[in-house]
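Given next are the chains, with one letter for each unit.
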Amino acid sequence: MMYFLLLIVSSLVLGCKDSTEKINLEKIQKGRELFTSVGCTTCHSLSKDKLYGPSLNFILGTKKQVIRNGKEYAIIIDSNYIKKSIIDPDYEKSLLFKSNKMPKPSLTSIEVDCITNYLINMNNKSQEK
Ligand code: HEC
């Protein structure tokens, strides 16, 4: 986790070559707004409570059983997994929630990026406690 913090700090200091991967406050703020306004909160808590879908607080770096093409896999949640889960919810389904269906949200790739940044940053905050 220190490594992750270092990555963030260094990307803030050095600037990012790839702007789509940049974690910045504007994106986090926009992501926070979108998360509520497009209705993610209907199915996802950010407080470990299980709603219709899994809680999305503190998920980065955690181990997860998923189903892809009918097969079970153990994965470690990274930013790509989070992004992919938003863009294409049926690609890998959370084993514990396999009977529940997440509708494909209509978001631009920038919006998906903002929400992903927001979720990652949230995770980060809860680590600092
Ligand atoms: C109608 C309920 C519903 C809504 C609305 C919804 N989701 Fe989901 N989401 C789910 C369910 C159910 C799963 C688990 C099953 C699956 O992976 O498809 C899930 C899985 C996820 C995952 C993967 C989490 C993990 O631990 O594997 C992410 C990330 C996610 N959703 C983000 C979002 C975002 C961001 C939004 C808003 C744009 C959103 N969801 C809207 C129901 C929903």
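Not measured: the values here are computed from a predicted model.

J.: Even after reading the chapter, I still don't get the coordination of the iron atom of the ligand, so can you show me in this structure?
T.: In an ideal octahedron of six donors the angles at the metal are 90 or 180 degrees, and in an ideal tetrahedron of four donors they are 109.5 degrees. Taken together, the protein ligands of the iron atom of the ligand are His-44 (NE2) and Met-102 (SD), with distances of 1.9 to 2.2 Å. What the six donor atoms of the iron atom of the ligand show is an angle range of 87 to 177° at the metal, which sorts the shape as octahedral. Taken together, the residues span a long stretch of sequence, with His-44 in the loop between helix 2 (25-37) and strand 1 (63-68) and Met-102 in the loop between strand 3 (93-94) and helix 4 (109-128) at a distance of 58 residues. For His-44, a relative accessible area of 13% puts it in the buried group. On the accessibility criterion, Met-102 (27% relative accessible area) is partly exposed.

J.: Would you explain the site of the ligand in this entry?
T.: Of all residues adjacent to the ligand, which total 25 residues, the nearest are Cys-40, Cys-43, His-44, Tyr-81 and Met-102. Between the ligand and Lys-93 there is a distance of 3.1 Å, counted from an oxygen atom to a side-chain nitrogen or oxygen. Here an oxygen atom of the ligand sits 3.3 Å away from a polar atom, N or O, in the main chain of Ser-94. Sorting the residues of the shell around the ligand by element identifies helix 3 (79-87) and strand 3 as the ones contributing at least two each.

J.: Help me understand the pairing of strand 2 (residues 71-76) in this model?
T.: Relative to strand 2, strand 1 is paired through six bridges, and the arrangement is antiparallel. Looking across to strand 2, one finds that Gln-65 is bridged to Ala-74. Joining the antiparallel neighbours strand 1 and strand 2 is a turn of two residues, in which Asn-69 adopts a positive phi near 50°.

J.: Explain helix 3 here, please?
T.: Each α-helix winds once per 3.6 residues, and so residues spaced three or four apart point in a common direction. Those residues of helix 3 lying buried are Tyr-81, Ile-82, Lys-83, Ser-85 and Ile-86. Capping the start of helix 3, Asp-78 holds a side-chain oxygen 3.3 Å from the backbone nitrogen of Asn-80, two or three residues further along.

J.: How should I be thinking about the sheet that holds strand 2 in this particular structure?
T.: Note on sheets: strands pair through backbone hydrogen bonds, and any given pair is parallel or antiparallel. Taken in spatial order, the three strands line up as 2-1-3 in an open sheet, and their pairing is antiparallel. Either end of the sheet is taken by a strand with one partner, and the two such strands are strand 2 and strand 3.

J.: Mind showing me how you'd approach the packing of aromatic side chains here?
T.: How two aromatic rings sit relative to each other is given by the distance of their centres and the angle of their planes. Scanning the entire structure with this criterion turns up one aromatic pair. The cationic tip of Arg-68 hangs over the ring face of Tyr-73; the distance from NZ or CZ to the ring centre is 4.2 Å. The ring of Tyr-91 has Lys-84 lying over it, and the distance from NZ or CZ to the ring centre is 4.6 Å.

Rules behind the numbers
Residues numbered from 1 in each chain as written. Predicted model: local features only at pLDDT ≥ 70, side-chain atom pairs only at ≥ 80, totals over all residues. Heavy atoms only, no water. Donors = N, O, S within 2.8 Å, 3.2 Å for Na, K, Ca; no water. Tetrahedral: all angles 85-135°; square planar, octahedral: opposite > 155°, others 65-115°. Helix = DSSP H or I, 4+ residues; strand = E, 2+ residues; numbered from the N terminus. Buried < 20%, exposed > 50% of the residue type's maximum accessible area, 1.4 Å probe, protein only. Near = heavy atom within 4 Å. Polar contact = N/O pair within 3.5 Å; in protein donor to acceptor, adjacent residues only side chain to side chain. Pairing = 2+ DSSP bridges. Phe/Tyr/Trp six-rings, centres within 6.5 Å; stacked < 30°, edge-to-face > 60°. Lys NZ or Arg CZ within 6 Å of the ring centre and 35° of its normal.

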